[in-house]
Amino acid sequence: MDTPADGSFRMDEESFARLSQYVTQAYGIQLPATKRSLLESHLDEKVKGLGMRSYKEFVDFIFSNESSEAELVHVIDLVTTHKTEFFREASHFHFLTQQFLPRFLEENNRSNLKIWSAGCSTGEEPYTLLMTLEEYKKGNPHLAYSLLASDISVRVIQTACHGEYDIEKMETVPREMVHTYLQRDKCDPKRMRIKPQYRTKIQYKHINLMHNSYGLMKNDLDIIFCRNVLIYFEKNIQEQVILKFCNLLRPGGLLFLGHSESILGMDLPLRQVEPTVYQLQG
Ligand SMILES: C[S@@+](CC[C@H](N)C(=O)[O-])C[C@H]1O[C@@H](n2cnc3c(N)ncnc32)[C@H](O)[C@@H]1O
């Protein structure tokens, strides 16, 4: 019932079911009943702001032609976590510089490494990749790379492009790298921004991993980072998405998953080379 005893609306079961089915089908994200109150607390102002009197009215509206995709994306934003940090799961970056990159440069005639950060959130992951590669380039100047970063949320992509963060976020970035790659915000000393010459080295794209095609070339990528994204998907959807990644990787290319994710029990042409690092066979 939508009785606003304390002035806030309650979401009826049917409205929640419609929303959660849509979110799972279109975005792969599961929305358990426990997320209902979270949705209510976040959407309350939105519903009232639109002058509506119930969630039923709101849900009817966002699925109608009158509404824009932006309203649905707003709901998706509320139910997904964008938690991330610089140098998260640092062993992955260590593996890149200590094991993968020396071999890559030795074995390949070409030096153009292609990396995709899928589910990049607010940019800390692609910027960590950028800093890692730039540091490596100091001793290996012939290394060239291209970095693509994508997310389903337009809002987080905008933050990533802007590349500005609270200074506390820099705690996980080695001090010398902070000096090299970031500058203090002129107006707010508690904020730092990635320097423009580095910000522009990352290309951003809006990609829903649930879509059949990502608009990327087959067998073209050397590395895909998709960490802490698939964990919210059902197992069979995870497998379908990883299979699409396999088609985009070159033979020998690497897939990095988050530390609590695994491909155990999936039928995929990948072999594990490190915990949560998988190599495409071929
Ligand atoms: C927890 S963050 C992970 C960020 C980063 N990869 C890391 O490990 O720190 C998960 C990100 O996945 C994105 N995401 C969720 N479902 C998605 C989908 N269907 N397609 C693309 N991105 C999605 C979310 O918007 C969110 O920014």
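Before reading on, note that the structure itself is shown above.
None of these values were measured; they are calculated from a predicted model.

Under the defined criterion, the tally for this structure stands at one cavity of 30 Å³ or more. Approximately 350 Å³ is the volume found for the largest cavity. What lines the largest cavity is a set of 24 residues, among which Thr81, Gly119, Asp151, Asn228 and Val229 lie closest to the centre. Residues of the lining of the largest cavity, tallied by class, amount to nine nonpolar, nine polar and six charged.

What follows concerns the nonpolar core. Ranked by size, the top nonpolar core spans 52 residues in total, and within it Leu39, Trp116, Leu209, Ile242, Phe245 and Leu255 carry the most contacts. It is helix α10 (residues 235–248) that provides the largest number of residues to this core, a total of six residues. Looking at which domains feed residues into this core, each of domain 1 (13–79) and domain 2 (91–280) gives three or more. Apart from the residues lying within four places of it in its own chain, the contact partners of Ile242 are Leu230, Leu255, Leu257, Ile263, Met266, Leu268 and Leu270. Within the second largest apolar cluster, 41 residues are counted, among which are Leu129, Tyr145, Phe225 and Phe256.

Next up on the list: the sheet that holds strand β9 (residues 270–274). Taking strand neighbours across the sheet as the criterion, the seven strands line up as β6-β2-β1-β7-β8-β10-β9 in an open arrangement whose pairing is mixed. Edge positions in the open sheet fall to β6 (202–206) and β9, since each of these has one partner strand only. Here the average twist between neighbouring strands, direction ignored, is 25 degrees. Where helix α7 (residues 154–162) meets the sheet, it contacts β2 (144–151) and β6, and its direction lies at approximately 170 degrees from that of β6. In the packing of α10 onto the sheet, contacts are made with β1 (112–118), β7 (221–226), β8 (249–257), β9 and β10 (277–280), and the angle to β8 comes to roughly 140 degrees.

In this structure, Ser121 is a non-glycine residue whose phi angle is positive, near 50 degrees. Tracing the backbone through its elements, the reader meets Ser121 in the loop between β1 and α6 (124–139).

Take the site of the ligand next. Close to the ligand lie 20 residues; Thr84, Arg88, Gly119, Asp151 and Asn228 are nearest. One of the side-chain nitrogen or oxygen atoms of Thr84 is found 2.6 Å away from an oxygen atom of the ligand. Separating a nitrogen atom of the ligand from a backbone N or O atom of Gly119 is a distance of 2.8 Å. Expressed as a share of its isolated accessible area of 610 Å², the protein-covered part of the ligand is 99%. Judged by the fraction of its atoms near the pocket grid, the ligand is located in the largest cavity. Considering only residue class, the shell around the ligand consists of seven nonpolar, eight polar and five charged.

Another point: helix α2 (residues 36–49). Compared with an ideal rise of 1.5 Å per residue, which puts 14 residues at 20 Å, α2 spans 20 Å between its outermost C-alpha atoms and is within 8% of the ideal. Leu43 marks the point of greatest bend in α2, at about 50 degrees. Among all positions of α2, only Leu39, Glu40, Leu43, Asp44 and Val47 are buried. For α2, the secondary structure elements touched by its buried residues are α1 (13–27), α3 (55–62) and α4 (69–79).

Cut-offs used in this document
- Residues numbered from 1 in each chain as written.
- Predicted model: local features only at pLDDT ≥ 70, side-chain atom pairs only at ≥ 80, totals over all residues.
- Heavy atoms only, no water.
- 1 Å grid on protein atoms, 1.4 Å probe; cavity = no way out; pocket = protein on both sides within 12 Å on 5 of 7 lines; lining within 4 Å.
- Points joined across faces, edges and corners; volume = space filled by probe spheres on them.
- Nonpolar A, V, L, I, M, F, W, Y, C, P; charged D, E, K, R; others polar.
- Core = buried A, V, L, I, M, F, W, Y, C linked by side-chain atoms within 4.5 Å.
- Buried < 20%, exposed > 50% of the residue type's maximum accessible area, 1.4 Å probe, protein only.
- Helix = DSSP H or I, 4+ residues; strand = E, 2+ residues; numbered from the N terminus.
- Domains from an automatic or database assignment.
- Contact = heavy atoms within 4.5 Å.
- Pairing = 2+ DSSP bridges.
- Axes fitted to C-alpha atoms, helices over the stretch in contact; angles between N-to-C directions.
- Near = heavy atom within 4 Å.
- Polar contact = N/O pair within 3.5 Å; in protein donor to acceptor, adjacent residues only side chain to side chain.
- Areas by Shrake-Rupley, 256 points an atom, 1.4 Å probe, with all protein chains shown as cover.
- Sits in = over half its atoms within 2 Å of the grid points.
- Expected span 1.5 Å × (residues − 1).
- Bend = angle between axes of the 7 residues up to and from the residue.

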